[in-house]
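Chain by chain, the residues:
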Amino acid sequence: MIQVNEVVKEFDGYRALNHLNMHVPHGAIYGLVGPNGAGKSTIIRHITGAYLQDEGEVLVDGQKVYENPAVKEKYAYIPDDIFYYNQANTLEMMRFYKGIYKNFDEELFHKLSECFPAVNVKRNIRSLSKGMQKQVGFWLSICCRPELLILDEPVDGLDPVMRRQIWSLIMADVAEHGTTVLVSSHNLRELEDVCDHVGIMDKGKILIERSLSDLQGSVTKVQVAFDGPMPELPASVEILHKVTAGRVHTLILRGAPREAEIAIAAMQPLLMDVLPLTLEEIFIYELGGVEYAVKEIIF
């Protein structure tokens, strides 16, 4: 659905995107994660057509995005700070969206009012709280029936109940209509529950991009104890990091968890616990590998 090839973008000599490559499959919920300043919002603004890259190409459904209305009508975008016209209420913005998106579903809009009972549709949206404005943004965007939904820090400012409500609506839309979702967020534990593909970004590049199941299956945390010094592990076990506290050794291993478990079990440890890393731990470890200076947090 989204293909970004060797994109470069500079601002006053600062290279925000550095030959970035990124691929979001059709129908996927793709989580884009990275530290502040990694370039996440910059690449999203390229994908939405707000920025023109200096080099490379940005394609949505095989077409260039910049100044291409035919592509832009296929997606809805919810930024961290949503813009609404002065004095506009929710009903007026609904009519505005309906005039732009030919697939806007007004029947769905009225049906979803049950999901957003706290929103007064006749009240000026700008007078609402940030969380309420976000609710309006999701309400309108889902009713656009987009092929692609782009979210930048989407649920920031929402209470836990509404966060779950929003994600339920999005995932139902993905399941029913095959909507592709690109979401950038710092809430990695939440992304882990909803995403099936992940891209880890730093310094204007995508460091790792793969399905979440493959990502979690490629790095393993093992806690193991031996009666005496730890034996030398076989060459087939690649140790990325090791911390020892008394007899307990915590290892970060690259490779399939089952293969690591069999290899270490053959060494007859006193105890062994094999744990898949969370997305948050993988994020911290991978960025630690490029001098992010937070390696020890995962232990």
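Note that the structure is a prediction, hence the values are computed from the model and not measured.

Peer 1: For the packing of aromatic side chains, give the residues involved together with the corresponding values.
Peer 2: All told, the structure shown has 7 aromatic pairs when counted by the stated rule. Taking the centre distance of 5.2 Å and the plane angle of 80° together, the rings of Tyr-85 and Phe-96 count as edge-to-face. Highlighted residues: Tyr-85 in the loop between strand E6 (75-78) and helix H3 (90-100) and Phe-96 in helix H3, separated in sequence by 11 residues. For Tyr-85, a relative accessible area of 42% gives the class partly exposed. An aromatic cluster of at least three residues, connected via ring pairs, comprises Phe-83, Tyr-85, Phe-96, Tyr-97 and Tyr-101. Of note, Lys-9 hangs over the ring of Tyr-51, and the distance from its end group to the ring centre comes to 5.9 Å.

Peer 1: Before we move on, could you go through helix H5 (residues 130-143) and cite the residues and values that matter?
Peer 2: Between the first and last C-alpha of H5 there are 20 Å, a value that for 14 residues agrees with the 20 Å anticipated at 1.5 Å per step. Following H5 by one or two positions, Arg-145 adopts a phi angle in the positive range, close to 55°.

Peer 1: Describe in detail the sheet that holds strand E8 (residues 180-184), supporting the description with residues and values.
Peer 2: Spatially, the 6 strands line up as an open sheet ordered E6-E7-E8-E3-E9-E10, and their pairing is mixed. At either margin of the open sheet sits one strand with a lone partner, and together these are E6 and strand E10 (205-211). Strand-to-strand twist in this sheet, taken as the mean axis angle between neighbours without regard to direction, amounts to 15°. Where strand E3 (residues 29-33) and E8 come together, 4 bridges link them in parallel fashion. Of the residues in E8, the one forming a bridge with Leu-32 is Ser-184. Helix H1 (residues 40-47) rests against E3, E6, strand E7 (148-152), E8 and strand E9 (197-202) of the sheet, and its axis sits at about 150° to E7.

Peer 1: For the pairing of E10, give the residues involved together with the corresponding values.
Peer 2: The pairing of E9 with E10 spans 6 bridges and is classified as antiparallel. Bridge pairing links His-197 to Ser-211 in E10. Counted between consecutive antiparallel strands, the loop separating E9 from E10 contains 2 residues, among which Lys-203 sits at a positive phi close to 55°.

Peer 1: Lay out unusual backbone geometry in plain terms, naming residues and giving numbers.
Peer 2: For Asp-12, which is not glycine, the phi torsion reads 50° and is therefore positive. Residue position: Asp-12 is located in the loop between strand E1 (2-11) and strand E2 (14-24). Asp-12 sits in the exposed class, given a relative accessible area of 85%. The phi torsion at Glu-153 lies on the positive side, around 50°, for a residue other than glycine. Assessed through its relative accessible area of 18%, Glu-153 is described here as buried.

Peer 1: Which residues make up the packing of H3 against H5, and what values go with them?
Peer 2: With their axes 10 Å apart at the nearest point, H3 and H5 run at an angle of 35° to one another. Note that H3 runs across H5; the crossing there is right-handed. Facing H3, whose interface residues are Thr-90, Met-93, Met-94 and Tyr-97, H5 presents Val-136, Trp-139 and Leu-140.

Peer 1: Describe a nonpolar patch on the surface, naming the residues involved and giving the relevant values.
Peer 2: Residues Phe-83, Tyr-85, Phe-96 and Ile-100 make up a contiguous nonpolar surface patch of about 410 Å² in total accessible area. Along the polypeptide, Phe-83 turns up in the loop between E6 and H3. Residue classification places Phe-83 among the exposed residues on the basis of a relative accessible area of 53%.

Cut-offs used in this document
Residues numbered from 1 in each chain as written. Predicted model: local features only at pLDDT ≥ 70, side-chain atom pairs only at ≥ 80, totals over all residues. Heavy atoms only, no water. Phe/Tyr/Trp six-rings, centres within 6.5 Å; stacked < 30°, edge-to-face > 60°. Helix = DSSP H or I, 4+ residues; strand = E, 2+ residues; numbered from the N terminus. Buried < 20%, exposed > 50% of the residue type's maximum accessible area, 1.4 Å probe, protein only. Lys NZ or Arg CZ within 6 Å of the ring centre and 35° of its normal. Expected span 1.5 Å × (residues − 1). Pairing = 2+ DSSP bridges. Axes fitted to C-alpha atoms, helices over the stretch in contact; angles between N-to-C directions. Contact = heavy atoms within 4.5 Å. Left-handed = near helix turned anticlockwise from the far one by under 90°. Patch = residues over 30% accessible without salt bridge, like charges linked within 9 Å, V, L, I, M, F, W, Y side chains within 5 Å. Areas by Shrake-Rupley, 256 points an atom, 1.4 Å probe, with all protein chains shown as cover. Salt bridge = Lys/Arg side-chain N within 4 Å of Asp/Glu carboxyl O.

In short, geometric facts, not functional conclusions.
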